[in-house]
Amino acid sequence: MARSPHSGAQAARDRIALALRDLRRDAGLSAHEVSLRCGWSAAKTSRMEHGKVPPSDTDIRAWCEACDQPGQAASLIAANRQADQLYVEWRRRQRSGLRHIQETTLTLSEEARVERVYCSNVVPGFFQTAAYTRAMFETFVRFEDIPDDIDEAVASRGERAQLLYEGGRRFVVLLEETVLRYRLCGRDAMVEQLEHLLAVASLPSVALGVIPFTADRRIMWPLEAFYLFDNSRVVVETLSAEINVASSQEIRLYERAFLELGGMAVYGPAARTLIQQALGSLE
């Protein structure tokens, strides 16, 4: 089974933990001695050495001082901050509103020539109608209790949709059939969304596949939504966090998953039939 999408972030945390442990051992200190010199509990030292909790900048400086290696602090702090960026809590990003998140994603899409997307829960942002987007954002604001800048966020997501009509970009999208059936907005808005999906599927910049309910899931189980930007970055969306994957090994893992999922999908007229059937169920 594939590793968790958190594994890249955790691997980076583990490297920091190993570096701290090596500093302690090179200094000939026990974990207890480092704890005493830093003025914190032995439990904290253990958690930091095993990657259970991320150290703060202050923690790293104190550790390096305790090990008589203050010159190591700057590089460790830089590596620690980079690890922190691999796993970005949604809550932290949402403090400045939904629009900020949309603008960040827009930048990634603008820079990519090929964007491959797998969605098991919602229609991807660049395929969404304004009504569908608004309904989703209203749910986010209520559930997450975050700033309400829905009008601006809807407009920003609309800018991303315009990339479908610009030359030189390619969007390869895989949707689970469940995405066509989930009632994330009112009936009329859902009808509009599915009709729009039929329209954008015919664009020359778009390749759309739908994985039917009847697909043999022994090939690949449903995954969390993920976005592949060219071959350089993967963004995985979970309830509580956005996970940024940059290591070549993990990018290849997601590329393989996308290939396996794509082999289960139907395309062209068969995909359109599934969308039309979902439309029919709304009548």
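**Observations concerning the environment of Glu110**
Turning to step 1, where the next piece is worked out: Checked against the element boundaries, Glu110 lands in helix α7 (residues 98-111).
Turning to step 2, where the next piece is worked out: Taking C-alpha positions, Glu110 is 7.4 Å from Leu163, a pair spaced 53 residues apart along the chain.
Turning to step 3, where the next piece is worked out: Not counting residues within four places of it along the chain, the set of residues in contact with Glu110 comprises Leu163 and Arg169.

**Some remarks on the pairing of strand β5 (residues 226-229)**
Turning to step 1, where the next piece is worked out: Of the two faces of β5, the one holding Phe226 and Leu228 and the one holding Tyr227 and Phe229 are both buried throughout.
Turning to step 2, where the next piece is worked out: With 4 bridges connecting them, strand β2 (residues 114-119) and β5 associate as antiparallel partners. Within β5, the residue paired with Glu115 across the bridge is Phe229.
Turning to step 3, where the next piece is worked out: The pairing of β5 with strand β6 (residues 233-237) spans 4 bridges and is classified as antiparallel. The residue bridging Phe229 from the neighbouring strand is Arg233, located in β6.
Turning to step 4, where the next piece is worked out: Connecting the antiparallel pair β5 and β6 is a turn made up of 3 residues, with Asp230 showing a positive phi of about 50 degrees.

**A few points about the pattern of salt bridges**
When their charged atoms lie close together, side chains carrying opposite charge are able to pair.
Turning to step 1, where the next piece is worked out: Applying the stated criterion to the full structure yields 10 salt bridges.
Turning to step 2, where the next piece is worked out: A salt bridge links Arg134 to Asp151; its shortest N-O distance comes to 2.9 Å. Taken together, the residues Arg134 in helix α8 (residues 130-144) and Asp151 in helix α9 (residues 150-161) connect sequence positions 17 residues apart.
Turning to step 3, where the next piece is worked out: Under the relative-accessibility criterion, Arg134 is labelled partly exposed at 30%.
Turning to step 4, where the next piece is worked out: Under the relative-accessibility criterion, Asp151 is labelled exposed at 53%.
Turning to step 5, where the next piece is worked out: With its nearest N and O atoms 2.8 Å apart, the salt bridge here joins Glu166 to Arg169.

**A word on α8**
Turning to step 1, where the next piece is worked out: An ideal rise of 1.5 Å per residue puts 21 Å on 15 residues; α8 measures up with 21 Å between its terminal C-alpha atoms.
Turning to step 2, where the next piece is worked out: Within the sequence span of α8, burial applies to Tyr132, Thr133, Ala135, Met136, Phe137, Val141 and Glu144.
Turning to step 3, where the next piece is worked out: Once α8 finishes, Asp145 follows within two positions and takes phi at roughly 55 degrees, a positive value.

**Some thoughts on the nonpolar core**
Turning to step 1, where the next piece is worked out: Membership of the largest hydrophobic core comes to 41 residues, with the highest contact counts inside it found for Phe127, Leu164, Leu175, Leu180, Leu194, Leu197 and Leu208.
Turning to step 2, where the next piece is worked out: No other element matches the 7 residues that helix α11 (residues 187-200) contributes to this core.
Turning to step 3, where the next piece is worked out: Setting aside residues up to four positions removed in sequence, Leu175 forms contacts with Cys119, Val122, Pro124, Leu180, Leu197, Leu208, Gly209, Val210 and Ile211.
Turning to step 4, where the next piece is worked out: Counting 19 residues, the second largest nonpolar core, distinct from the first, contains Leu174, Ile243, Tyr254 and Phe258.

**Let's talk about helix α3 (residues 42-49)**
Turning to step 1, where the next piece is worked out: Among the residues of α3, those classed as buried are Thr45, Met48 and Glu49. Buried residues of α3, viewed axially, fall in a sector of 95 degrees; they line one side.
Turning to step 2, where the next piece is worked out: Positive backbone phi, approximately 70 degrees, marks Gly51, located one or two places after α3.

**Topic: the state of the cysteines**
Turning to step 1, where the next piece is worked out: Inspection of every chain in the model, using the stated rule, returns 0 disulfides.
Turning to step 2, where the next piece is worked out: Its sulfur unpaired, Cys38 is 7.2 Å from the next cysteine sulfur, which belongs to Cys67.
Turning to step 3, where the next piece is worked out: Left without a disulfide partner, Cys67 is nearest to the cysteine sulfur of Cys64, which lies 6.9 Å away.

Rules behind the numbers
Residues numbered from 1 in each chain as written. Predicted model: local features only at pLDDT ≥ 70, side-chain atom pairs only at ≥ 80, totals over all residues. Heavy atoms only, no water. Helix = DSSP H or I, 4+ residues; strand = E, 2+ residues; numbered from the N terminus. Contact = heavy atoms within 4.5 Å. Buried < 20%, exposed > 50% of the residue type's maximum accessible area, 1.4 Å probe, protein only. Pairing = 2+ DSSP bridges. Salt bridge = Lys/Arg side-chain N within 4 Å of Asp/Glu carboxyl O. Expected span 1.5 Å × (residues − 1). Core = buried A, V, L, I, M, F, W, Y, C linked by side-chain atoms within 4.5 Å. Arc of directions from axis to C-beta. Disulfide = S-S within 2.5 Å.

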